[in-house]
Amino acid sequence: MTVKKAGCQKAPSGGNAGNTYFKLARTFKQKIKACSRGSENGNADHVVFLWICVSSAGLQPGIHEEAGAEAPLTPRQWLNVVDEAASLGANWLVLSLTDPLAKCNHIWEIAVWAQQVHNMMVGLHLKDARLKRDDLKSLRKIDPDKTRLLVRVDDLDRVKWIEREGITIWTANPQADGERPHCQGPKRMIFVNANGVLYTCGLVKGNNAYRMGHVFDGALKRVVNDPKLPHHVHEDLHIVTPECDGCPSLIANFFCDNT
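As a starting point, this report considers the structure included with it. In this text the structure is predicted, and so the values were computed from the model without any measurement. Every chain begins its residue count from 1, and numbering advances along the sequence as written. For this predicted model, a pLDDT threshold of at least 70 governs which residues receive local features, and a threshold of 80 or more governs which side-chain atom pairs are given and counted, while totals over whole chains, interfaces and linings are taken from all residues. Note: side-chain values were computed over all heavy atoms of the structure, leaving out hydrogens and water.

Where helix 2 (residues 75–87) meets helix 3 (residues 107–118), the closest approach of the two axes is 10 Å, and the angle between their N-to-C directions is 30 degrees. The angle between the axes of helix 2 and helix 3 places the two elements in the roughly parallel class. Crossing of helix 2 against helix 3: the hand is right-handed. For the pair helix 2 and helix 3, the contacting residues are Pro75, Trp78, Leu79, Val82, Asp83 and Ala86 in the first and Glu109, Ile110, Trp113, Ala114 and His118 in the second. Class assignment for the residues of the contact of helix 2 with helix 3 results in eight nonpolar, one polar and two charged. Under this scheme, a helix contributes an axis fitted over its contacting stretch, all axes are lines through C-alpha atoms, and angles between N-to-C directions fall in the 0 to 180 degree range. Secondary structure elements follow DSSP: runs of H or I of four or more residues count as helices, runs of E of two or more count as strands, with numbering from the N terminus. Angles below 35 degrees are treated as roughly parallel, those above 145 as roughly antiparallel, those between 65 and 115 as roughly perpendicular, and all remaining angles as oblique. Handedness of a crossing follows from how the near helix is turned relative to the far one, being left-handed for an anticlockwise turn of less than a right angle and right-handed for a clockwise one. In this description, contact between two residues means that some pair of their heavy atoms is separated by no more than 4.5 Å. For this classification, Asp, Glu, Lys and Arg are treated as charged, while Ala, Val, Leu, Ile, Met, Phe, Trp, Tyr, Cys and Pro are nonpolar and the rest, including Gly, are polar.

Right under this line is the structure:
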């Protein structure tokens, strides 16, 4: 179900200025994690996965002024989400792209930040798996050893050529649609849609019964620890569908076996 990687190449550094920037960011990250560990009350499960959906409409420079309008989040706003999730222990980031990779140029800032600042593994879930040679140039901006491309089983042959470039490819749907998901559930995961709305998981995004707030409402830690929020999906809805594609909780064991 996987396409094994060929030899990996390290992504080039961003120069002295970039290295200094990331060193400072790492220092802040360490302090944030220390504060988080010191203040945890032990009620919440350890967060491992951050799963976010991004769109080309949101990945533009600058900050949207109308936060309350739930406009797609910008790269800088996503960096704040990554920082906060990392402070809760998240070490995996899955980015589900609602648009082709070529249209999501600003995704690389988020991926590099997650890898270099927070030492996170990054999964790029390609809903549109039509990769081009120019996409390979973009992929070289991030660390291939900490990167996984996630595509549906039916698309594996289409992207197989990229494995020769040192990119690891995993299946985004390890279970067939219609089955009961063999997942860890959403307790160790934070899911955010392209507009910054938090849901229990991607399976129920858009279902207001499982809406957990917005990233601008307050700290993610409050969401993770709030027992009044829906941290489980009802059995009647808990069926594998294409909405589960790329779900880090669903393929958690797969991740662990291949890292």
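What follows continues from the structure just given.
Quick look at the pattern of salt bridges now. One speaks of a salt bridge when a side-chain nitrogen belonging to Lys or Arg is within 4 Å of a carboxyl oxygen belonging to Asp or Glu. For the structure on display, the rule yields ten salt bridges. Of the charged contacts in the structure, one is a salt bridge between Arg133 and Glu165, with a shortest N-O distance of 3.7 Å. A residue pair is termed long-range when its members are at least 10 positions apart, and Arg133 in helix 4 (residues 133–139) and Glu165 in the loop between helix 5 (156–159) and strand 5 (168–171) qualify at 32 residues. One network of salt bridges, in which partners are shared, links Arg133, Arg140 and Glu165.

With respect to the secondary-structure elements, Asp128 resides in the loop between strand 3 (121–126) and helix 4. Type-normalised accessible area, obtained with a 1.4 Å probe on protein chains alone, sets the label of each residue: buried when under 20%, exposed when over 50%, and partly exposed for intermediate values. For Asp128, a relative accessible area of 19% translates into the label buried. Between N or O atoms, a polar contact is any pair within 3.5 Å; within protein, one atom must be a potential hydrogen donor and the other a potential acceptor, and residues adjacent in sequence are included only when both atoms are from side chains. Of note is the side chain of Asp128, whose polar atom sits 2.7 Å from the side chain of Arg130.

To continue, consider the packing of aromatic side chains. Note on aromatic pairs: the rings of Phe, Tyr and Trp (six-membered ring only in Trp) are paired at centre separations within 6.5 Å, and the planes decide the class, stacked below 30 degrees, edge-to-face beyond 60, tilted for the rest. This structure, assessed with the given rule, holds two aromatic pairs. For the pair Trp51 and Phe191, a centre-to-centre distance of 4.9 Å together with 75 degrees between the ring planes defines the contact as edge-to-face. Of the two residues, Trp51 is situated in strand 1 (residues 49–54) and Phe191 in strand 6 (residues 189–192); the sequence distance between them amounts to 140 residues. With respect to class, Trp51 is no different from Phe191; both count as buried. For the ring pair Trp92 and Trp170, a centre distance of 6.0 Å and an interplane angle of 35 degrees mean the geometry is tilted. Residue Trp92 is found in strand 2 (residues 92–97), and its partner Trp170 is found in strand 5; the two are separated by 78 residues along the sequence.

For the rest of this paragraph, the subject is the environment of Gln116. With respect to the element layout, Gln116 can be found in helix 3. Between the alpha carbons of Gln116 and Asp143 there is a distance of 8.7 Å; along the sequence they are 27 residues apart.

Mapping Thr147 onto the fold places it in strand 4 (residues 147–151). The class for Thr147 is buried, based on a relative accessible area of 2%. Of note is the side chain of Thr147, whose polar atom sits 2.8 Å from the side chain of Gln115. Once you skip the residues sitting within four places of it in the chain, Thr147 turns out to touch Gln115, Met121, Val122, Leu124, Ile142 and Thr168.

Time to look at the nonpolar core. Ranked by internal contacts, the top residues of the largest apolar core, which has 51 residues, are Leu93, Leu95 and Ile190. If we skip the residues at most four places from it in the chain, Leu93 touches Leu50, Ile52, Val82, Ile110, Ala114, Met120, Met121, Val122 and Gly123. Formed by 25 residues, the second largest nonpolar core is a distinct cluster that contains Met121, Trp170, Cys201 and Leu203. Among the buried residues, those of types Ala, Val, Leu, Ile, Met, Phe, Trp, Tyr and Cys that are joined through side-chain atoms within 4.5 Å form a nonpolar core.

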